[in-house]
Amino acid sequence: FFFFDFFSSSTFVNNPCLDSCHFLFQEAKMSILVIVLEWFAILLLLIALFFCVWFQYHIDAFVYLLNSKDKKWEATPDPQELKRMHGNKLSTKIKTVYFIRHGESSWNVTFNRNKLFFLPSLIYAIVKEVSLIFSDNDSWFYDAPLCNTGVEQAASVQKFLLENANNEDVKAIRSNKDSLLVCSNLRRCISTALIALEDRLSDFEDRVIIHPALQEITFNPDGLSITPPFKQPQPSWFDKNVKNHRMKKLYARNVDSSINTGNKDITSNGIKRLVAFNNWMFDKKEETVIISGHSLWFKSYFCEFLPRSVTHVSKKKKMKNGAIVRIVVEEHTTQSGDRFVMIQPDSIKEVHFGFKK
């Protein structure tokens, strides 16, 4: 096409045959463009049709997508101002908390990577989803599991903990003395906890508690749990093929689902779960809590429980996948029995990786 465009426009060429050829090639270009656009339109239609059928299959995801108020709640009081108002009339408890963000998931592979390859990635994910529905009754999108990169990120946490055994924060995470391991009821968090903390789980035959209040704050299908209430979570289609980690054994032996009430309710929202988790955590006797959780849940925690006057990156940026951040949290109870929580601003420490820039 370029060759004929160049020579037919040259002042040195004045040939009727070449003009005719140029016209034919212009027509051919237009025909090819029309065919490409037609096929692209058909492709988009097939993708739309797939998701129409998919949402019929996962009707709860469709209902949640339309009606969820998970990210919407009224502004809460400034914890520092509440503390100032009540003065010395407060009883106080303190916990040391470690946030561990899960590794990257299959959802991230499709929707959050290179936008240039979004369409090919989406087509691959759809083909994979269809095969999973018929072969394993599993999903690429719903309760999205870890991907290869996610496993590597979880393994990097495990490696960091092994190589820094004398670090005080690492000692607190690896020791089962006076500490709890807790994670979201979504599989990417469960798998991250089992891989990252595999040595502690093996050494002490410890268990990770599945807590539904840690479920991600989102209306997307990847934020919905595939595990039924109080049932033992099962390794995903991807987890079953992970090498160097005994995923099937870890899922069977080291996961405690006794308080997992299942998927978040349509009437639930982020602040309800944040408060519910705080109440549960401060009712426990253990002074240290290690949480395998989600970026938006952690970000919301910082926004809600850091004093409003504090400017910190945690309020604006997500934690990196596989990052560990330590905080110290105070719970104050008023004379009337009301409870509120505040993060000590100076206690925030990026133990591993930290926040995105």
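The following refers to the structure shown. Treat the numbers as computed from the prediction; the structure is a model and nothing was measured.

Observations concerning the overall build of the chain
Part 1: A tally of helices and strands in the chain yields 13 helices and eight strands.
Part 2: If one aligns the C-alpha atoms of the chain with their principal axes, the spans along those axes are about 95 × 45 × 45 Å.
Part 3: The buried share among the 357 residues of the chain stands at 48%.
Part 4: For the chain, the exposed surface amounts to about 18,400 Å²; the carbon and sulfur share of it is 59%.
Part 5: Averaging the coordinates of the 45 positive side-chain charges in the chain and doing the same for the 38 negative ones gives two points 3 Å apart.

Observations regarding the pairing of strand 2 (residues 179–183)
Part 1: Along strand 2, five of the five residues are buried, which leaves the element largely enclosed by surrounding structure.
Part 2: Where strand 2 lies against strand 5 (residues 288–293), five bridges are found, and the strand directions are parallel. Looking at strand 5, one finds that Val 182 is bridged to Ile 291.
Part 3: As defined by bridge partners, strand 2 adjoins strand 3 (residues 208–210) across two bridges and the pair is classed as parallel. In the strand pairing of strand 3, Cys 183 is matched with Ile 210.

Remarks on the pattern of salt bridges
Part 1: Scanning the model with the defined rule gives 17 salt bridges in all.
Part 2: Between Asp 169 and Lys 349 there is a salt bridge, with its nearest N and O atoms 2.7 Å apart. In this pair, Asp 169 sits in helix 8 (residues 168–174) while Lys 349 sits in strand 8 (residues 349–352), placing the two residues 180 residues apart along the sequence.
Part 3: For Asp 169, a relative accessible area of 4% puts it in the buried group.
Part 4: Here the salt bridges do not stand alone but share partners, grouping Asp 70, Lys 264 and Arg 273 into one network.

Re the nonpolar core
Part 1: Within the largest apolar cluster, 50 residues are counted, with the highest numbers of intra-cluster contacts made by Phe 51, Phe 141, Leu 161, Leu 194 and Ile 324.
Part 2: With sequence-adjacent residues up to four places away left out, Leu 161 is seen in contact with Val 170, Ile 173, Arg 174, Ala 196, Leu 197 and Ile 324.
Part 3: With 32 residues, the next largest nonpolar core counts Phe 99, Leu 274, Phe 282 and Phe 298 among its residues.

Structural notes on the packing of helix 12 (residues 270–283) against helix 13 (residues 295–305)
Part 1: Closest axis-to-axis distance for the helix 12/helix 13 pair is 10 Å, and the angle between their directions is 80 degrees. One way to sum up the angle between helix 12 and helix 13 is to call them roughly perpendicular. Contacts between helix 12 and helix 13 involve Ile 271, Leu 274, Phe 277, Asn 278 and Met 281 on the former and, on the latter, Trp 297, Ser 300, Tyr 301, Glu 304 and Phe 305.

What about the state of the cysteines?
Part 1: Counted by the stated rule, this structure contains zero disulfides.
Part 2: The structure places no disulfide on Cys 189, whose sulfur is separated from the nearest cysteine sulfur, that of Cys 183, by 6.3 Å.
Part 3: Note on Cys 189: relative accessible area 0%, which makes it buried.

A look at the pairing of strand 5
Part 1: Buried residues dominate strand 5, accounting for six of its six residues.
Part 2: Side chains of strand 5 alternate between two faces, with Thr 288, Ile 290 and Ser 292 and Val 289, Ile 291 and Gly 293 buried alike.
Part 3: Pairing between strand 1 (residues 91–101) and strand 5: six bridges, direction parallel. Bridging across to strand 5, Tyr 98 finds its partner in Ile 290.

Rules and cut-offs
- Residues numbered from 1 in each chain as written.
- Predicted model: local features only at pLDDT ≥ 70, side-chain atom pairs only at ≥ 80, totals over all residues.
- Heavy atoms only, no water.
- Helix = DSSP H or I, 4+ residues; strand = E, 2+ residues; numbered from the N terminus.
- Buried < 20%, exposed > 50% of the residue type's maximum accessible area, 1.4 Å probe, protein only.
- Areas by Shrake-Rupley, 256 points an atom, 1.4 Å probe, with all protein chains shown as cover.
- Lys, Arg positive; Asp, Glu negative; His and termini not counted.
- Charge placed at Lys NZ, Arg CZ, Asp CG, Glu CD.
- Pairing = 2+ DSSP bridges.
- Salt bridge = Lys/Arg side-chain N within 4 Å of Asp/Glu carboxyl O.
- Core = buried A, V, L, I, M, F, W, Y, C linked by side-chain atoms within 4.5 Å.
- Contact = heavy atoms within 4.5 Å.
- Axes fitted to C-alpha atoms, helices over the stretch in contact; angles between N-to-C directions.
- Parallel < 35°, antiparallel > 145°, perpendicular 65-115°, else oblique.
- Disulfide = S-S within 2.5 Å.

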